[in-house]
Amino acid sequence: MTFKTVLLFGAPGSGKGTQGKILGTIPGFFHFACGDAFRNLRIDDPLGRTFIDYSSRGQLVPDHPTIELWRKNIQASTSNGSFHPERDLLILDGIPRNPQQAEMLKTTLDVRAVFHLTCSDMGKMVERLQRRALRENRLDDANLDVIRRRLETYESETKPVLDYYGPKLVREIDSTASPLNVLRSILDQVATLL
Ligand code: ADP
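Residues numbered from 1 in each chain as written. Predicted model: local features only at pLDDT ≥ 70, side-chain atom pairs only at ≥ 80, totals over all residues. Heavy atoms only, no water.

## Some thoughts on helix α1 (residues 16-24)
Helical geometry: 3.6 residues make up each α-helical turn, so side chains three or four residues apart lie on a common side. Buried within α1 we find Lys16, Gln19, Gly20 and Leu23. Within α1, the buried residues cover an arc of 100 degrees as seen down the axis, which keeps them to one side. Contacts made by the buried residues of α1 are with β1 (3-10), β2 (29-33), β3 (89-93), β4 (109-118) and α10 (179-191). (Buried < 20%, exposed > 50% of the residue type's maximum accessible area, 1.4 Å probe, protein only. Helix = DSSP H or I, 4+ residues; strand = E, 2+ residues; numbered from the N terminus. Arc of directions from axis to C-beta. Contact = heavy atoms within 4.5 Å.)

## What to know about the pairing of β3
On a regular strand, one side chain projects to one face of the sheet and the next to the other, so that they alternate. When you tally the buried positions in β3, you get five out of five residues, the bulk of the element. Sheet analysis places β1 next to β3, joined by four bridges and oriented parallel. By the bridge assignment for β3, Leu7 is matched with Leu92. As judged from the five bridges shared by β2 and β3, these two strands associate in the parallel manner. Of the residues in β3, the one forming a bridge with Phe32 is Leu92. (Pairing = 2+ DSSP bridges.)

## Some remarks on the sheet that holds β2
Strand pairing in a sheet takes place through backbone hydrogen bonds and is either antiparallel or parallel in direction. An order of β2-β3-β1-β4-β5 is seen for the five strands of this open sheet, with the pairing classed as parallel. Edge positions in the sheet fall to β2 and β5 (170-174), since each of these pairs with one other strand and no more. For this sheet, the mean angle separating the axes of adjacent strands, direction not counted, is 25 degrees. In terms of strand pairing, β1 meets β4 through eight bridges, oriented parallel. Bridge pairing in β4 links Leu8 to Phe115. Set on the sheet, α1 makes contact with β1, β2, β3 and β4; between it and β1 the angle comes to about 150 degrees. (Axes fitted to C-alpha atoms, helices over the stretch in contact; angles between N-to-C directions.)

## Observations concerning the packing of helix α6 (residues 122-136) against helix α8 (residues 144-158)
Viewed as axis vectors pointing N to C, α6 and α8 meet at an angle of 125 degrees, and their least axial separation amounts to 11 Å. The angle between the axes of α6 and α8 places the two elements in the oblique class. Of the two elements, α6 crosses α8, and the hand of that crossing is right-handed. The residues of α8 that touch α6, namely those facing Met122, Met125, Val126, Leu129, Gln130 and Arg132, are Leu144, Ile147, Arg150 and Leu151. The residue makeup of the contact of α6 with α8, split by class, is seven nonpolar, one polar and two charged. (Parallel < 35°, antiparallel > 145°, perpendicular 65-115°, else oblique. Left-handed = near helix turned anticlockwise from the far one by under 90°. Nonpolar A, V, L, I, M, F, W, Y, C, P; charged D, E, K, R; others polar.)

## As for the side chain of Asn98
Within the secondary structure, Asn98 sits in the loop between β3 and α5 (99-104). Overall, Asn98 belongs to the buried group, its relative accessible area being 5%. Side-chain polar atoms of Asn98 contact the side chain of Asp63, separated by 3.0 Å. Filtering out sequence-adjacent residues up to four positions away, Asn98 remains in contact with Leu60, Asp63, Glu157 and Val161. (Polar contact = N/O pair within 3.5 Å; in protein donor to acceptor, adjacent residues only side chain to side chain.)

## Points about α10
Compared with the 18 Å implied by 1.5 Å per residue over 13 residues, the 18 Å span of α10 between its first and last C-alpha is a close match. Looking only at α10, the buried set comprises Val182, Leu183, Ile186 and Val190. Seen from one end, α10 has its buried residues packed into an arc of 95 degrees, which puts them on one side. Facing away from the buried surface of α10 by more than 90 degrees, the exposed residues are Leu180 and Ala191. (Expected span 1.5 Å × (residues − 1).)

Next up, the structure:
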């Protein structure tokens, strides 16, 4: 079966996690954040260790275990009744994170839109990441070198996903606006997709 999907897309610190969490509380929407799935792994899970190895260096976890983790989580949420694939809109945050992952998910996802949260203010993004590091105890955000590396990984590996889906699906959203106004523009556009 295919899932009716929208992607939240943007650099680390662009605010997609904040928006995803809000959208996920609306009936008829199911939110999956890939970074959260990794962070929820048990510390003795081998994939949990792999995640720490890669994320602490600002790199992406390899594609196959990532897609497997996604499948397992989606299956579990379907079985426990929190996700109803036949009626819910799936909101994906942080996956697919490179064109290879997009290709691996091609037959499973029916992507209706890609919301690209743009942020031209690099200083603002770095500041958001550093604030989050303290608040959420995220080691990958605490160190400036790792932050820089993550932004580079985004530019070189993740951004090409926008070309993969193409201009017809990509909607630019100015993420320097207030969270409320970012939410408002996403909701206006999402409403036309249902
Ligand atoms: P952010 O959006 O701030 O970059 P995430 O919580 O989405 O943070 O991701 C944290 C880390 O988890 C990434 O730097 C990466 O190492 C790993 N990760 C998350 N999603 C993926 C994915 N789809 N493929 C590979 N690695 C991922």
